[in-house]
Amino acid sequence: MGYIEAQRAATARYNKKTYDRIEIVVHKGKKQAIKEFAQKQGKSTNRFINDAIEKAMAEQEDA
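Notes on the structure follow. As the structure is a computational prediction, the values presented were derived from the model and not from experiment.

Parameters at a glance
Residues numbered from 1 in each chain as written. Predicted model: local features only at pLDDT ≥ 70, side-chain atom pairs only at ≥ 80, totals over all residues. Heavy atoms only, no water. Helix = DSSP H or I, 4+ residues; strand = E, 2+ residues; numbered from the N terminus. Rg over C-alpha atoms; globule rule 2.2 N^0.38 Å. Buried < 20%, exposed > 50% of the residue type's maximum accessible area, 1.4 Å probe, protein only. Areas by Shrake-Rupley, 256 points an atom, 1.4 Å probe, with all protein chains shown as cover. Lys, Arg positive; Asp, Glu negative; His and termini not counted. Charge placed at Lys NZ, Arg CZ, Asp CG, Glu CD. Phe/Tyr/Trp six-rings, centres within 6.5 Å; stacked < 30°, edge-to-face > 60°. Salt bridge = Lys/Arg side-chain N within 4 Å of Asp/Glu carboxyl O.

With that settled, the discussion passes to the overall build of the protein chain. Each helix and strand counted, the protein chain has 3 helices and 0 strands in total. When the helices and strands of the protein chain are placed in sequence order, the string is α-α-α. Relative to the globule expectation of 11 Å for 63 residues, the C-alpha radius of gyration of the protein chain, 16 Å, shows a markedly less compact shape. With respect to the three principal axes, the spread of C-alpha positions in the protein chain is 50 × 30 × 25 Å. Relative to its full complement of 63 residues, the protein chain shows a buried share of 3%. As presented, the protein chain carries roughly 6300 Å² of accessible surface, and 54% of it is formed by carbon and sulfur atoms. Computed over 13 positive and 9 negative side-chain charges, the inter-centroid distance for the protein chain is 9 Å.

Considering all chains together, one arrives at 2 aromatic pairs under this definition. Ring plane angle 65° and centroid distance 5.4 Å describe the contact between Phe37 and Phe48, whose orientation is recorded as edge-to-face. Of this pair, Phe37 sits in helix α2 (residues 30-40) while Phe48 sits in helix α3 (residues 45-62), placing them 11 residues apart in sequence. By relative accessible area, Phe37 is classed as partly exposed at 43%.

Turning next to the environment of Glu36. Position of Glu36 among the secondary structure elements: in helix α2. A sequence separation of 16 residues divides Glu36 from Ala52, and the C-alpha atoms of the two residues are 15 Å apart.

A few words now on the pattern of salt bridges. Between side chains of opposite charge, pairing is possible as soon as their charged atoms come close. Counted according to the given criterion, the structure contains 2 salt bridges. With a shortest N-O distance of 2.8 Å, Asp51 and Lys43 are connected by a salt bridge. Of the charged contacts in the structure, one is a salt bridge between Arg47 and Asp51, with a shortest N-O distance of 2.9 Å. Of this pair, Arg47 and Asp51 both sit in helix α3, 4 residues apart, which is roughly one turn of that helix. On the accessibility criterion, Arg47 (41% relative accessible area) is partly exposed. Residue classification places Asp51 among the partly exposed residues on the basis of a relative accessible area of 24%.

This is the structure in structure tokens:
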């Protein structure tokens, strides 16, 4: 196994033990709109979605 393959495998193991994955389904075309909106805010799509979830949960806790 070369260095690149070993690094890829190590990263996959780290990600598997560190993160949970959630799949969401959106209407056709919405994925691109979300991606572009996130980019306009200087965020990745993942960061934008995580921030939106955190904000909604914090607002619910404050209510």
